[in-house]
Amino acid sequence: MMTNPTGRLTQGQFSFLPDLTDEEIALQVQYGLDKGYAFSVEYTDDPHPRNTYWEMFGMPMFDLRDAASVLAELKECRKAFPNLYIRLMAFDSTRGVESIAMSFLVNRPGHEPGFCLERQEAQGRSMRYTTRGYAGARPELERY
């Protein structure tokens, strides 16, 4: 059974849906701001599932009440990195720790080569699996 027929990267919320429009992004951001979340904009050209630390674009946006500021920062990031993955992260600090409450992709490169699953036989009948991105063989910022 194929669970991801489009072959698109699926990280964060809304990954199986069609790309969100800027209006839909604004609604999600406003929802998070109404909950008291702080947003940050992050980007990468290495979206491997274990790469949780993406580059931050600007500073985290604390104490905002209007989604327009977050969207302005997103627009600048899209202008600087139009062919990279960009995501919005919302942090909830109500419990005294910065935990991620929302995370979703807001920009993708035009072509997503995907990942391959490599299988290796180990001791006995054990199997080890590794995920390798097809774009990972090219240098940084030249992958897409």
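Description of the structure in this document. (Residues numbered from 1 in each chain as written. Predicted model: local features only at pLDDT ≥ 70, side-chain atom pairs only at ≥ 80, totals over all residues. Heavy atoms only, no water.)

### Observations concerning unusual backbone geometry
- The backbone phi angle of D63 is positive, close to 60 degrees, even though this residue is not glycine.
- Structurally, D63 is set in the loop between strand 2 (55–61) and helix 2 (67–80). (Helix = DSSP H or I, 4+ residues; strand = E, 2+ residues; numbered from the N terminus.)

### Remarks on helix 1 (residues 22–34)
- Here helix 1 contains 13 residues, and its C-alpha end-to-end distance of 18 Å stays within 8% of the 18 Å for a straight helix at 1.5 Å per residue.
- Looking only at helix 1, the buried set comprises I25, A26, V29, G32 and L33. Down the axis of helix 1, the smallest arc covering the buried residues is 125 degrees, so these residues share one side. For helix 1, the exposed residues lying more than 90 degrees away from the buried face are E23, L27 and D34.
- Buried residues along helix 1 sit in contact with strand 1 (38–44), helix 2, strand 3 (85–92) and strand 4 (99–107).
- Within two residues after helix 1, G36 carries a phi angle of roughly 90 degrees, on the positive side. (Expected span 1.5 Å × (residues − 1). Buried < 20%, exposed > 50% of the residue type's maximum accessible area, 1.4 Å probe, protein only. Arc of directions from axis to C-beta. Contact = heavy atoms within 4.5 Å.)

### Some words on the packing of aromatic side chains
- Tallied over the full model, the rule gives 3 aromatic pairs.
- Geometrically, the ring pair formed by Y43 and F81 is stacked, given 4.0 Å between the ring centres and 15 degrees between the ring planes. Taken together, the residues Y43 in strand 1 and F81 in the loop between helix 2 and strand 3 connect sequence positions 38 residues apart. For the pair Y43 and F81, one class covers both residues: buried.
- When the centroid spacing of 6.4 Å and the interplanar angle of 90 degrees are considered together, the rings of F57 and F81 count as edge-to-face. Note that F57 is positioned in strand 2 and F81 in the loop between helix 2 and strand 3, a separation of 24 residues in sequence. This pair shows no difference in class: F57 is buried, exactly as F81 is.
- Members of the aromatic cluster, connected to one another through ring pairs, are Y43, F57 and F81. (Phe/Tyr/Trp six-rings, centres within 6.5 Å; stacked < 30°, edge-to-face > 60°.)

### Considerations on the pattern of salt bridges
- Evaluated as defined, the whole model comprises 4 salt bridges.
- Put simply, R108 and D19 hold a salt bridge, and the shortest N to O gap is 3.2 Å. Taken together, the positions of R108 in the loop between strand 4 and strand 5 (115–121) and D19 in the segment before helix 1 put the pair 89 residues apart, joining distant regions of the chain.
- Judged by its relative accessible area of 48%, D19 falls in the partly exposed class.
- Note that R87 and E42 form a salt bridge whose closest N and O atoms lie 2.9 Å from each other. Here R87 is found in strand 3, whereas its partner E42 is found in strand 1, with 45 residues between them in sequence. (Salt bridge = Lys/Arg side-chain N within 4 Å of Asp/Glu carboxyl O.)

### Describing the sheet that holds strand 2
- With antiparallel pairing, the 4 strands of this open sheet are ordered in space as 2-1-3-4. Since the sheet does not close on itself, it has two edges, and those belong to strand 2 and strand 4, each with one partner. Pairs of neighbouring strands in the sheet enclose a mean axial angle of 20 degrees, with direction left out of account.
- In the sheet, strand 1 pairs with strand 2 via 4 bridges, with the strands oriented antiparallel. When the sheet's bridge partners are listed, E42 is paired in strand 2 with M56.
- Helix 1 contacts strand 1, strand 3 and strand 4 of the sheet and is inclined by roughly 170 degrees relative to strand 4.
- Strand contacts of helix 2: strand 1, strand 2, strand 3 and strand 4, with the helix running at about 165 degrees to strand 2, the strand carrying the most contacts. (Pairing = 2+ DSSP bridges. Axes fitted to C-alpha atoms, helices over the stretch in contact; angles between N-to-C directions.)

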